[in-house]
Amino acid sequence: QPIIDQAKPQIAAIHQEAMQKMKAVMDSTTSQIRPLLTADQQKKLDDIQKAHQDMMNAHKELHDAIQE
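(A) Spatial organisation of the overall build of the chain. Each helix and strand counted, the chain has two helices and zero strands in total. The C-alpha atoms of the chain give 17 Å as radius of gyration, which overshoots the globular expectation for 68 residues (11 Å, by more than 25%). Overall, the chain is about 55 × 25 × 10 Å in size when its C-alpha atoms are taken along their principal axes. Here the chain holds 68 residues, and 3% of them are scored as buried. Here the chain displays about 6200 Å² of accessible surface, and carbon together with sulfur accounts for 63% of that area. Charge-centre separation for the chain: the mean point of 8 positive side chains lies 4 Å from the mean point of 10 negative side chains.

Structural data, given as structure tokens:
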């Protein structure tokens, strides 16, 4: 367990960096796609993105609650 505990900060840092890079790629992709969409499609994309963000926030809250 001490070895695993020692590795956790490194794993967390790698995960955080990967998530930031993935977000940058996804944001770039979305900004290229958005102008090609109709108004209805843009609204649907916004709704999907909001639902995804809500899900991620709920997941983080759950994770934080478990850690307490």
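(B) Just the pattern of salt bridges, in detail. For the structure on display, the rule yields seven salt bridges. Note that Glu 17 is salt-bridged to Lys 21, the shortest N-O span being 3.0 Å. Taken together, the residues Glu 17 and Lys 21, both in helix H1 (residues 2-33) and four residues apart, mark about one turn of the helix. Given a relative accessible area of 42%, Glu 17 falls into the partly exposed group.

(C) A nonpolar patch on the surface, seen in detail. There is a patch of nonpolar side chains on the surface, built from Met 19, Met 22, Met 26, Met 55 and Met 56 and spanning about 460 Å² of accessible area. When contributions to the nonpolar patch are tallied by element, the ones reaching two or more residues are H1 and helix H2 (39-67). It is H1 that provides the largest number of residues to the nonpolar patch, a total of three residues. Relative to the assigned elements, Met 19 resides in helix H1. Judged by its relative accessible area of 31%, Met 19 falls in the partly exposed class.

(D) Local environment of H1. Between the first and last C-alpha of H1 there are 47 Å, a value that for 32 residues agrees with the 46 Å anticipated at 1.5 Å per step. At Lys 8, H1 shows its maximal kink, close to 35°; a proline, Pro 9, follows between one and four residues later.

(E) Inspection of the environment of Asp 5 at higher detail. Within the fold, Asp 5 resides in helix H1. Of the residues examined, Asp 5 reaches a relative accessible area of 37% and is grouped as partly exposed. Sequence spacing of Asp 5 and Gln 49 is 44 residues, and the spatial spacing of their C-alpha atoms is 34 Å.

Cut-offs applied
- Residues numbered from 1 in each chain as written.
- Predicted model: local features only at pLDDT ≥ 70, side-chain atom pairs only at ≥ 80, totals over all residues.
- Heavy atoms only, no water.
- Helix = DSSP H or I, 4+ residues; strand = E, 2+ residues; numbered from the N terminus.
- Rg over C-alpha atoms; globule rule 2.2 N^0.38 Å.
- Buried < 20%, exposed > 50% of the residue type's maximum accessible area, 1.4 Å probe, protein only.
- Areas by Shrake-Rupley, 256 points an atom, 1.4 Å probe, with all protein chains shown as cover.
- Lys, Arg positive; Asp, Glu negative; His and termini not counted.
- Charge placed at Lys NZ, Arg CZ, Asp CG, Glu CD.
- Salt bridge = Lys/Arg side-chain N within 4 Å of Asp/Glu carboxyl O.
- Patch = residues over 30% accessible without salt bridge, like charges linked within 9 Å, V, L, I, M, F, W, Y side chains within 5 Å.
- Expected span 1.5 Å × (residues − 1).
- Bend = angle between axes of the 7 residues up to and from the residue.

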